[in-house]
Amino acid sequence: MIEDMLRTPAAVQDAERHTAHNYHPLPVVISSAEGAWVTDVDGRRYLDCLAGYSALNFGHRHPALIAAAHAQLDKLTLTSRAFIHDQFADFCRELAALCGKDLVLPMNTGAEAVETGIKVARKWGYQVKGVPAGQATIVVADGNFHGRTTTIVSFSTDDDARADFGPYTPGFKIVPYGDLTALADAVDETTVAVLLEPIQGEQGVVVPPTGYLPGVRQLCTERNVLFIADEIQSGLGRTGATFACELEGVVPDMYLLGKALGGGIVPVSAVAADTDVLGVLRPGQHGSTFGGNPLACAVATEVVRLLATGEFQRRSTELGERLHAGLHALIGKGLVAVRGRGLWAGLDIDPALMSGREACERLMERGVLAKDTHGSTIRLAPPLTITAEEIDHAVAQLAAVLAG
Ligand SMILES: Cc1ncc(COP(=O)(O)O)c(C=O)c1O
């Protein structure tokens, strides 16, 4: 039987044998990739409609990013921050300019950027706002996803993410996402920050009501509270703008960035803010051995330059319209709702038909990779380099899956 000759089943088993089961991956074993396409160990090709949860906004192995990585590998890879290296200044200056902020603090993973944002907000609260010692609070939203550290899961509302990982870090208040009145009620003199995703990715690409983000901005300004936008998944071109906040004309006090900043090659995250905020940190108060390393900076500087052209944001806007039009046409034909902006969509499948997981498995059999979340929802976040024809192909495969 042909099935017996495939390498995938044994490779799946092998991968499971010596790993903690903290993920439930689709049974596909990828060995190479280019652009929007990946190839598995049996030579089958798939259109990647997840793009590493937006870490691959520029596609797999974008030539400019690979060239930057190769060139840097041949020169210098790590110094630690005990010394300065020659890639550091360009990266920080150019990322700060892209964000319209004075300063950048580079880290590695998204969760580290969030932890950095929390620490900076607390220190700002004590030193600048004058909050009494040990009393700082941060307001967050129901349905949030900001990462997996013990502090971050302390304010998660997802039982899987939080249960049995206590004792939990205090100092967070949770309010319903999209509800300005609840937010205003939660803010008091101890509040140092409001920490939000401008669009909640993990929750199923949930877009808040129009006017919510400007309302948050105004409230934070009036009450002397920092607005921290977690743009780790929504940022860097995904929604058709450099930052999802831009779609509502909003500028937060602090951007948290990650995922696509590393060009799909290295983990790179960063916090960007003005000097009155990020300037509260002094030597010895925060850091990371690998944060801002030469390889990371070389790749991420090239990412910033790609974004500075505006091409990827334009593609996301234009092709996003095509994607959303195609998906909206499937409402009533297996989909019950479609949300999102640009090349980012959350689709609710009619639960009577199949689960999100089943839909993703069937899509995989048809050569399209996507990821389910929360039961009957699928997220689509293809590389921003995807073509119109490839979008039509993905939508056609989804239509076929839904039609059974
Ligand atoms: C909005 C948001 N914040 C933070 C994170 C955490 O990033 P990382 O997995 O790199 O720690 C994620 C990851 O999905 C995210 O979507």
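Quantities reported herein were computed from a predicted structural model and do not represent experimental measurements. (Residues numbered from 1 in each chain as written. Predicted model: local features only at pLDDT ≥ 70, side-chain atom pairs only at ≥ 80, totals over all residues.)

1. Brief notes about the domain arrangement of the protein chain
- We note that the domain assignment places domain 1 (2–62 + 311–402) and domain 2 (76–308) within the protein chain.
- Computed from C-alpha atoms alone, the centre-to-centre distance between domain 1 and domain 2 is 27 Å.
- Looking at the side of domain 1 that touches domain 2, the elements that each hand over two or more residues are α3 (51–54), α13 (311–328), β11 (335–340), β12 (345–349) and β15 (377–380).
- Of the residues that constitute the side of domain 1 that touches domain 2, the class distribution is ten nonpolar, 15 polar and three charged. (Domains from an automatic or database assignment. Helix = DSSP H or I, 4+ residues; strand = E, 2+ residues; numbered from the N terminus. Nonpolar A, V, L, I, M, F, W, Y, C, P; charged D, E, K, R; others polar.)

2. Topic: the sheet that holds strand β4 (residues 103–107)
- A sheet is described by the order of its strands in space; here seven strands give the open sequence β4-β10-β9-β8-β7-β5-β6, paired in mixed fashion. With partners counted over all chains shown, the strands left at the sheet margins are β4 and β6 (172–175), one partner each. Strand-to-strand twist of the sheet, defined as the mean angle between neighbouring strand axes without regard to direction, takes the value 20°.
- Where strand β7 (residues 191–196) meets strand β8 (residues 226–230), four bridges bridge the pair, whose relative direction is parallel. Considered in β8, the bridge of leucine 195 is made with isoleucine 228. (Pairing = 2+ DSSP bridges. Axes fitted to C-alpha atoms, helices over the stretch in contact; angles between N-to-C directions.)

3. A word on the site of the ligand
- Close to the ligand lie 15 residues, the nearest being Gly110, Ala111, Gly147, Ile232 and Gln233.
- It is helix α6 (residues 110–129) that contributes the most residues to the shell around the ligand, three residues altogether.
- Each residue belonging to the shell around the ligand can be placed in one class, and the counts come to five nonpolar, seven polar and three charged. (Near = placed C-beta within 6 Å.)

4. Considerations on helix α15 (residues 388–402)
- End to end, α15 covers 21 Å across 15 residues, agreeing with the expected 21 Å (1.5 Å per residue, within 8%).
- Taken together, the buried positions of α15 are Glu390, Ile391, Ala394, Val395, Gln397, Leu398 and Val401. An end-on view of α15 places all buried positions within 155° of arc, on one side of the element. Facing away from the buried side of α15, by more than 90 degrees, are the exposed residues Ala388 and Glu389.
- Those residues of α15 hidden inside the fold are in contact with β3 (45–48), α13, α14 (356–365) and β13 (368–369). (Expected span 1.5 Å × (residues − 1). Buried ≥ 20, exposed ≤ 12 C-beta atoms within 10 Å, placed from the backbone. Arc of directions from axis to C-beta. Contact = placed C-beta atoms within 7 Å.)

5. Looking at the sheet that holds strand β14 (residues 371–373)
- Strand order in the open sheet formed by four strands is β11-β12-β15-β14, with antiparallel pairing between adjacent strands. Where the open sheet ends on each side, the last strands, each with one partner, are β11 and β14. Between one strand and the next, the sheet's axes are offset by a mean angle of 30°, whatever the strand orientation.
- The pairing of β14 with β15 spans three bridges and is classified as antiparallel. Across the sheet, the residue bridging to threonine 373 is threonine 377, located in β15.
- Sheet strands in contact with α14 are β12, β14 and β15, and its direction is about 175° off that of β14.

6. Some points on the environment of isoleucine 199
- Position of isoleucine 199 among the secondary structure elements: in the loop between β7 and α10 (212–222).
- Between the C-alpha atoms of isoleucine 199 and proline 176, which are 23 residues apart in sequence, the distance is 14 Å.
- Those residues in contact with isoleucine 199 that lie beyond four places of it in its chain are Val205, Val206, Val207, Ser234, Thr239, Ala244 and Arg341.

7. Quick notes on helix α4 (residues 63–73)
- Every buried residue of α4 is listed here: Leu65, Ala68 and Gln72. Looking straight down α4, one finds its buried side chains confined to an arc of 60°; they lie on one side. Seen from the open side of α4, the exposed residues pointing more than 90 degrees away from its buried face are Pro63, His70, Ala71 and Leu73.
- Along its buried surface, α4 packs onto α12 (294–308).

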